[in-house]
Amino acid sequence: MLKIDDIHVYYGAIHAVKGISFEVHQGEIVALIGANGAGKSTVLKTVSGLMHPRTGTITFMGQNITHTDAYKLVRQGLAHVPEGRQIFLQMSVQENLEMGAYTRGAVEKEDMDKVFTLFPRLKERRRQVAGTLSGGEQQMLAMSRALMSHPKLMMLDEPSMGLAPLLVDQIFSIIREMHAAGTTILLVEQNASKALKIADRAYVLETGKITLSGTGTELVQSDAVRKAYLGG
């Protein structure tokens, strides 16, 4: 579904992503783990068209999207839930969800019903201004807004950041549910333990390079990963 081939990404003179290659197959959850500054968020921004690589290629659903604009990629079925959520704080929950469907031209009641089934707390707060939601509720809104675009691939950037442990468990449970409903997921997450438990495959990024890859189970059992990211 998604193929990254030897991309190099720069912030000015800073070489942030250094020739990485990986794939995401349809129906998978693939995790990118690594420390702060490893390049994980930059990879997602580059895939979603918010940044462009200096060299290398990105292919999505068989099409070269290396230099495609972000809004066109949403129409092609690529959704990005950014770090920090980036919801529309002055709009209501329902208005945020309607914005998620803008590329489709109309909001179907069926889509709203699906989102509210997955996120019942948002249904209770559908008229509430998004900026007054808790952090966990804002993360749920960001994810559900992305679902409204009918994504083939959803990219989640640090969905558990800043959340209490109980809410982290809830967010990961919802990620599993979205996956079970047919959404392929590329997950960037500092909580390596949680990410590897649900990932079919995972890649470890260090200073802009992939240093390890394997199934989620293989990386959980890797001594290097355990020492660096799992506290053991």
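Shown above is the structure to which this text applies.
I will try to describe carefully the structure that is included in this document. (Residues numbered from 1 in each chain as written. Predicted model: local features only at pLDDT ≥ 70, side-chain atom pairs only at ≥ 80, totals over all residues. Heavy atoms only, no water.)

1. Here we look at the environment of Ile 20
Here Ile 20 lies in strand E2 (residues 14-24). Residue class for Ile 20 comes out buried when judged on its relative accessible area of 2%. Residues Ile 20 and Val 9, spaced 11 residues apart in sequence, show a C-alpha to C-alpha distance of 9.7 Å. For Ile 20, the residues in contact, after removing those within four places along its chain, are Ile 4, Asp 5, Asp 6, Ile 7, Val 43, Gly 208, Lys 209 and Ile 210. (Helix = DSSP H or I, 4+ residues; strand = E, 2+ residues; numbered from the N terminus. Buried < 20%, exposed > 50% of the residue type's maximum accessible area, 1.4 Å probe, protein only. Contact = heavy atoms within 4.5 Å.)

2. Observations regarding the pattern of salt bridges
If the charged atoms of two oppositely charged side chains come close together, the side chains can form a pair. Per the counting criterion, the structure on display carries eight salt bridges. Residue Glu 158 is joined to Lys 40 by a salt bridge in which the shortest nitrogen-to-oxygen separation is 4.0 Å. In this pair, Glu 158 is assigned in the loop between strand E7 (153-157) and helix H7 (165-180) and Lys 40 in helix H1 (residues 40-47), connecting sequence segments 118 residues apart. Relative accessible area serves as the criterion here: at 5%, Lys 40 is assigned to the buried category. (Salt bridge = Lys/Arg side-chain N within 4 Å of Asp/Glu carboxyl O.)

3. Regarding the layout of surface pockets
Within this model, the largest pocket holds a volume of roughly 480 Å³. Looking at the largest pocket, it is lined by 20 residues, and the ones nearest its centre are Val 74, His 80, Pro 82, Tyr 102 and Arg 145. Elements with a contribution of two residues or more to the lining of the largest pocket: helix H2 (70-75), strand E6 (78-81), helix H3 (93-100) and helix H6 (135-147). Looking at which element gives the most residues to the lining of the largest pocket, the answer is E6, with four residues. For the lining of the largest pocket, the residue count by class is 13 nonpolar, five polar and two charged. (1 Å grid on protein atoms, 1.4 Å probe; cavity = no way out; pocket = protein on both sides within 12 Å on 5 of 7 lines; lining within 4 Å. Points joined across faces, edges and corners; volume = space filled by probe spheres on them. Nonpolar A, V, L, I, M, F, W, Y, C, P; charged D, E, K, R; others polar.)

4. Details of the environment of Ile 185
Here Ile 185 is to be found in strand E8 (residues 184-188). We classify Ile 185 as buried; its relative accessible area is 0%. Through-space distance from the C-alpha of Ile 185 to that of Pro 159 is 12 Å; in sequence the pair is 26 residues apart. With sequence-adjacent residues up to four places away left out, Ile 185 is seen in contact with Glu 28, Ile 29, Val 30, Leu 153, Met 154, Leu 156, Ile 175, Met 178 and His 179.

5. Some remarks on unusual backbone geometry
A negative phi angle is the norm for most residues apart from glycine, just as the trans form is the norm for most peptide bonds. In this model, Asp 6 sits at a positive phi of 55°, which is unusual for a non-glycine residue. Structurally, Asp 6 can be placed in strand E1 (residues 2-11). Positive phi, close to 60°, is recorded for His 150, a residue that is not glycine. Within the secondary structure, His 150 is located in the loop between H6 and E7.

6. Brief notes about the nonpolar core
Counting residues in hydrophobic clusters, the biggest one holds 45 residues, and the most contacted among them are Phe 119, Met 143, Leu 156, Ile 175 and Met 178. Ranked by the residues each element gives to this core, the list is headed by H7, at seven residues. Counting residues in hydrophobic clusters, the runner-up holds 27 residues, among them Val 24, Phe 60, Ile 65 and Leu 78. (Core = buried A, V, L, I, M, F, W, Y, C linked by side-chain atoms within 4.5 Å.)

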